[in-house]
Amino acid sequence: MAIEAKQQRPTPVEKRAERLRRWQSAEGLEFSSRRIAENFRHRVQLFQDVIALRRPQRVPVAPLVGFYSFAYAGVTAQAAMYDHEKLGYALIKYHTDFMPDSQTGAILSGPGALFETLDYRLYRWPGHGVEPTKSYQCVEDEYMRAEDYDLLINDPSDFFLRTYLPRVFGALAPMHMLAPLRDMVELPIVCPSLIPFGTPPMQEALTRLMAAGRIALEWAEACASIDRTTAATLGIPGIVGGFTKAPFDTLGDTLRGTRSIMLDKFRQPKKLRAALERLVPLAIDLGVRAADQTGVPIVVIPLHKGADSFMSAQDFRTFYWPTLKAVILGLVNEGVVPFLFVEGSYNQRLDIIVDRDIPDGATVWVFDRTDIREVKRRFAGWACFGGNVPSSLLVAATAAEVSAHVKRLIDDVGRDGGYLLSTGAVIDDAKPENLHALIDTGREYGVLSAS
């Protein structure tokens, strides 16, 4: 009897190659012309080349755009969050007029009606706490209290369902009445576990939750249509296939809050480290599932609280980096490309984050205020990098000054490959002529000679 050969599991490199192939093939997308299809695949190839540390035909230009496209199109941020037709108009106009190499995804803004329906208290958004023309803002507080660490560590899903979500969504407050769903292990326990669902407050919560679900489904379908149109008619690919977070930021941003988590480093460091480690597999799973669903293998990780000004280098080594590194390695192992959006300054972190346990050509790092020339020296041969175009330059400088800045960046750090031209922060405000200068100069001056 013949023994079947044991099937070998694909390596991380093979997984990444397959994800990149799927991204470039754009299966199921009907382009408006052969030329548009070629432009789409050409742009994807630019990104694949720089990720792999090869010299591309030219430097890819990928500004990080937030709510700017709304202002540019004469649509308020509030209108874009409540009317997907206006959202689509603004985004198509932005992409048509500027022609960057990467899309600004429609889903970024979020549906205002959904947040209203659930009485979302974690954020203020345009027309609800901030001006109709401004971006949304997080309202920090101790939504996870100091005594809640064990709840999070022992069962994160149960903590979110019965403790955290009732605190940040007013409409879901009745969910704190629920018993843990894991109780329903035998027939006699099913009935007591379901009693809260029969109460009027819980039924009202479920009604509003279903209404929010209908809004979410409609919004997601509209956003997917907008993004497909941008790709199919303009040849501009989405380069963000998903989102996840550094475990320290998950805790510090919207659970404990900045002040509380900084105190936790001293008051209960063991619990803090245990919670951070518990969040690692959840962060990996979030990123991988998103990449699987979108077919785009790049997952953004915004780094919020690891900057030089937030904590000492020793605290960064102790609390921030170990679990962030574990998330990076977990994503890389699944063939996903982590895109680290490095906010603030990381000049004191470069010797830590350039970690040779992380494979060469497997990650992307976009920097805000870090010395990009020092990044070039340390990242050469290890990882793709970009950024360092200040938002202030796009608001206050002249187009000539923006163009000169872009040329200096390309000359100093972009001629050898492994570099993408991007902004150091998300753009909500800019002079149109300055953003044109950024994109057009990058596209024209960033053409690289053959290797």
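Up top is the structure these notes are about.
Residues numbered from 1 in each chain as written. Predicted model: local features only at pLDDT ≥ 70, side-chain atom pairs only at ≥ 80, totals over all residues. Heavy atoms only, no water.

Peer 1: Looking at this model, I keep getting lost on a nonpolar patch on the surface. Mind explaining?
Peer 2: On the surface, a nonpolar cluster with roughly 290 Å² of combined accessible area is contributed by Leu181, Met184, Val190 and Leu194. Summarising the element assignment, Val190 is placed in helix H9 (residues 187-194). Looking at Val190, the relative accessible area reads 32%, which means it is partly exposed. (Patch = residues over 30% accessible without salt bridge, like charges linked within 9 Å, V, L, I, M, F, W, Y side chains within 5 Å. Areas by Shrake-Rupley, 256 points an atom, 1.4 Å probe, with all protein chains shown as cover. Salt bridge = Lys/Arg side-chain N within 4 Å of Asp/Glu carboxyl O. Helix = DSSP H or I, 4+ residues; strand = E, 2+ residues; numbered from the N terminus. Buried < 20%, exposed > 50% of the residue type's maximum accessible area, 1.4 Å probe, protein only.)

Peer 1: What is the right way to read the sheet that holds strand S9 (residues 419-420) from this model?
Peer 2: Across a sheet, paired strands are connected by hydrogen bonds in the backbone, their directions being either parallel or antiparallel. Taken in spatial order, the six strands make up an open sheet running S4-S5-S6-S7-S8-S9, and their pairing is parallel. Of all the strands in the sheet, just strand S4 (242-243) and S9 have a single pairing partner and so form its edges. Sheet topology note: the strand S8 (residues 384-387)/S9 ladder contains two bridges and is parallel. Opposite Phe385, over in S9, you have Tyr419 as the bridge partner. (Pairing = 2+ DSSP bridges.)

Peer 1: Hey, could you run me through the packing of helix H13 (residues 269-294) against helix H14 (residues 313-333) in this one?
Peer 2: Between two packed helices, the angle of one axis relative to the other and the distance separating the axes together describe the packing. Where H13 contacts H14, the two axes come as close as 9 Å, and the packing angle between them is 25 degrees. If you check the angle between H13 and H14, you find them roughly parallel. Our pair here, H13 against H14, has a crossing hand that is right-handed. Facing H13, whose interface residues are Pro269, Leu272, Arg273, Leu276, Glu277, Val280, Ala283, Ile284, Gly287 and Val288, H14 presents Thr318, Phe319, Thr323, Ala326, Val327, Gly330 and Leu331. Looking at side-chain class alone, the contact of H13 with H14 contains eleven nonpolar, four polar and two charged residues. (Axes fitted to C-alpha atoms, helices over the stretch in contact; angles between N-to-C directions. Parallel < 35°, antiparallel > 145°, perpendicular 65-115°, else oblique. Left-handed = near helix turned anticlockwise from the far one by under 90°. Contact = heavy atoms within 4.5 Å. Nonpolar A, V, L, I, M, F, W, Y, C, P; charged D, E, K, R; others polar.)

Peer 1: Looking at this model, I keep getting lost on the nonpolar core. Mind explaining?
Peer 2: Inside soluble globular proteins, nonpolar side chains tend to come together where they are buried. Counting residues in hydrophobic clusters, the biggest one holds 107 residues, and the most contacted among them are Leu251, Leu303, Ile353, Trp365, Phe367 and Phe379. If we skip the residues at most four places from it in the chain, Leu303 touches Ala246, Asp249, Tyr320, Leu324, Leu340, Phe341, Val342, Glu343, Tyr346 and Trp365. If you look at the next biggest cluster of nonpolar residues, it comprises 25 residues, including Phe40, Val296, Val300 and Val366. (Core = buried A, V, L, I, M, F, W, Y, C linked by side-chain atoms within 4.5 Å.)

Peer 1: How should I be thinking about helix H8 (residues 156-168) in this particular structure?
Peer 2: Because the α-helix completes a turn every 3.6 residues, residues three or four places apart line up on one side. At Arg162, H8 shows its largest bend, some 30 degrees, and a proline, Pro166, comes one to four positions later. Restricting attention to buried positions, one finds in H8 the residues Pro156, Asp158, Phe159, Thr163, Tyr164, Pro166 and Val168. Buried residues belonging to H8 abut helix H7 (149-154), helix H11 (247-254) and H13. (Bend = angle between axes of the 7 residues up to and from the residue.)

Peer 1: Help me out: how do you make sense of the layout of surface pockets in this one?
Peer 2: To find leftover empty space, one rolls a probe the size of a water molecule over the atoms. By volume, the second largest pocket amounts to about 150 Å³. Around the second largest pocket sit Phe67, Phe70, Ala71, Val75, Thr76, Ala77, Thr133, Lys134, Ser135, Asp428 and Asp429, which together line it. Partitioned by chemical class, the residues of the lining of the second largest pocket number five nonpolar, three polar and three charged. (1 Å grid on protein atoms, 1.4 Å probe; cavity = no way out; pocket = protein on both sides within 12 Å on 5 of 7 lines; lining within 4 Å. Points joined across faces, edges and corners; volume = space filled by probe spheres on them.)

Peer 1: Can you walk me through empty space enclosed by the protein in this structure?
Peer 2: According to the stated counting rule, one finds one cavity of 30 Å³ or more in the structure shown. The space that makes up the largest cavity amounts to roughly 40 Å³. Around the largest cavity, the lining residues are Gly66, Phe67, Phe70, Leu87, Leu91, Thr104, Gly105, Ala106, Leu108 and Ser109. Residue classes in the lining of the largest cavity are distributed as six nonpolar, four polar and no charged.

Peer 1: Explain the environment of Thr441 here, please?
Peer 2: With respect to the helices and strands, Thr441 occurs in helix H19 (residues 432-445). Thr441 gets classed as buried once you look at its relative accessible area, which sits at 8%. A sequence separation of 94 residues divides Thr441 from Asn347, and the C-alpha atoms of the two residues are 27 Å apart. If we ignore the near neighbours within four places in the chain, the residues touching Thr441 are Ser403, Val406, Lys407, His436 and Gly446. Reaching out from Thr441, the side chain makes a polar contact with the side chain of Ser403 at a distance of 3.0 Å. (Polar contact = N/O pair within 3.5 Å; in protein donor to acceptor, adjacent residues only side chain to side chain.)

Peer 1: How do you make sense of the pairing of strand S5 (residues 298-303) when you look at a structure like this?
Peer 2: Regular strands have side chains that alternate between both faces of the sheet. Of all six residues in S5, six are buried, a share of seventy percent or more. Residues Ile298, Val300 and Pro302 line one face of S5 and the alternating positions Val299, Ile301 and Leu303 line the opposite face, and both faces are buried. In the sheet, S4 pairs with S5 via two bridges, with the strands oriented parallel. Bridge pairing in S5 places Gly242 opposite Val299. Note that S5 and strand S6 (residues 337-342) share six bridges and pair parallel. Residue pairing in the sheet places Leu303 in a bridge with Val342 of S6. As a crossover connection, the stretch from S5 through H14 into S6 is right-handed. (Right-handed = clockwise from strand over helix to strand, strands pointing away.)

The values reported here are purely geometric and, on their own, carry no functional implication.
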